[in-house]
Amino acid sequence: MFSGKAVKRALALFLFSAFGALQAQQIDLLIQNGHVFDPKNKLDTILDVAIANGKIYQVANHIAVKNAKKTVDATGMYVCPGLIDIHTHVFVGSTPGVFADGIYSLSPDDFTFRAGITTVVDAGTSGWRNFQKFKKQVIDQSKTRVLAFLNIAGWGMTGDSLQQDVSTMDVRKAIGMVEKHPDVIVGMKIGHFEKKTWEPFERALQVVSDTDRPLFVECHLPQYSLEDQLDRMRPGDIITHSFENISERRPVVDTTGNVLPMVFEARKKGILFDVGHGGAGFWFNQAIPALEQGFWPNTFGTDLHRFSMNAGMKDMLNVMSKYLNMGMPLKEVLLRGSWNPAKAIQREDLGSLSIGADADIVLLSVKEGKFGYVDAAGNRINGNRKLEAELTLRAGKVVWDLNGLTATLFQR
Ligand SMILES: [Zn+2]
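Residues numbered from 1 in each chain as written. Predicted model: local features only at pLDDT ≥ 70, side-chain atom pairs only at ≥ 80, totals over all residues. Heavy atoms only, no water.

**Description of the side chain of T144**
- With respect to the helices, strands and loops of the structure, T144 is situated in the loop between α2 (131–137) and β9 (145–151).
- Apart from residues lying up to four places away in sequence, T144 is in contact with P108, D109, T112, F113, T118, T119, V120 and R394. (Helix = DSSP H or I, 4+ residues; strand = E, 2+ residues; numbered from the N terminus. Contact = heavy atoms within 4.5 Å.)

What follows is the structure in structure tokens.
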């Protein structure tokens, strides 16, 4: 016979071990001893990160190994939220000569994970007329989380003449599309418009005002002055190609090497400045004096497309490494890789290692050696550090593992 007390004790012991067993099952992957850098949660120290069911399960000092199905030793690496690239063109298709459903765009998974990116935002490659095709063809087929700024031009980036056609820029239809896909469409884009009328800009602003989202201004607006663009933009709106130096837009640094006062004023007003490197959007003769004068970009959008991927831009980690070698401190670089872009697109559920968030994680190493970094003008700076993605996880799944950290060591 057992006394009531003994039964209770046995039951407690059973529950305790059942809970233990449950815990053991719960941790799918345990990342140990990495330097966790998570600005949202103010974490900047050596910690373990446990992942269960695709989510961040625990971030703590020394999480018990016996509870984990698999472990990864991240000693000497930074454990960061997966990177977010807010300027890409990924509406890939087979149409020659265009970005929308065309060959100028790129397939996201081919370029993201190897650069530590888990979320991209497509910068207006689609508009309200072809967004659903984009969704079906690319967004729903990709492991990368693909979000979008919807182009105010109804057909998005489907060739020049269609992009100039104001009659496709339908505010009501665009709002309808945002409301139909509120989790995917994070804002509107205006760009590639060559006439004088401000109608497209005003219409795009109307959509974002009504749907409470940011406007993404991709320049290529040769008739609009920089001053007028910044004047019309609201706090939280984003301008990209911040450090370009081409005839289509006045550069942010003047001919004497000083950042224009109106640019500082725009920042004070709350306008965000994205790098938007691309093929022509990043010049050292702009970016370096700007950095020295305290005018730093908020985010490192790459403007990934067929013409930037093999030129000076290469990938987002290369753009981040440029800034590291130009003198931006590593923590400031990392902040601009994940948490800043998450805030810019008003998606604060992303860009952190918060408990319960999707386990989008990158393990980064800082390589030392001799490296060269090239801008859009073909100029090079020499550097001695380079960021490399060792391991990328998207919703807890290994999607990139450079040196086989999670693989089993082969034995004969
Ligand atoms: Zn672009």
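Structure's up, so let's keep going.
**Thoughts on the packing of helix α4 (residues 171–180) against helix α5 (residues 199–211)**
- It is at 9 Å that the axes of α4 and α5 come closest, and there the two elements cross at 40°. Taken as a pair, α4 and α5 cross one another with a handedness that is right-handed. Packed against α4, whose contacting residues are V171, A174, I175 and V178, the element α5 presents R203, Q206, V207, D210 and T211 at the interface.
- Its residues placed into classes, the contact of α4 with α5 shows 5 nonpolar, 2 polar and 2 charged. (Axes fitted to C-alpha atoms, helices over the stretch in contact; angles between N-to-C directions. Left-handed = near helix turned anticlockwise from the far one by under 90°. Nonpolar A, V, L, I, M, F, W, Y, C, P; charged D, E, K, R; others polar.)

**Side note on the packing of aromatic side chains**
- Across all of its chains, the model carries 14 aromatic pairs by this definition.
- Taking 4.5 Å as the distance between ring centres and 15° as the angle between the ring planes, the aromatic pair formed by F149 and F216 counts as stacked. One end of the pair, F149, is in strand β9; the other, F216, is in strand β11 (residues 215–217), and 67 residues separate them in sequence.
- Measuring from ring centre to ring centre gives 5.2 Å for F300 and Y323, while their planes differ by 50°; the resulting arrangement is tilted. Taken as a pair, F300 in the loop between α8 (284–292) and α9 (316–326) and Y323 in helix α9 lie far apart in primary sequence, 23 residues in all. This pair shows no difference in class: F300 is buried, exactly as Y323 is.
- Through successive ring pairs, a cluster of aromatic residues spans F243, F264, F273 and F295. (Phe/Tyr/Trp six-rings, centres within 6.5 Å; stacked < 30°, edge-to-face > 60°. Buried < 20%, exposed > 50% of the residue type's maximum accessible area, 1.4 Å probe, protein only.)

**A look at the pattern of salt bridges**
- In the structure shown here, the tally under the stated rule is 18 salt bridges.
- The closest approach of N and O atoms between K69 and D28, which form a salt bridge, is 3.1 Å. Of this pair, K69 sits in the loop between β3 (55–60) and β4 (71–73) while D28 sits in the loop between α1 (4–26) and β1 (29–38); the two residues are 41 residues apart in sequence, bridging distant segments of the chain.
- Residue D28 is classed as partly exposed on the basis of its relative accessible area, which comes to 26%.
- The structure contains a network of salt bridges with shared partners spanning K55, R145, D358, D360 and R394. (Salt bridge = Lys/Arg side-chain N within 4 Å of Asp/Glu carboxyl O.)

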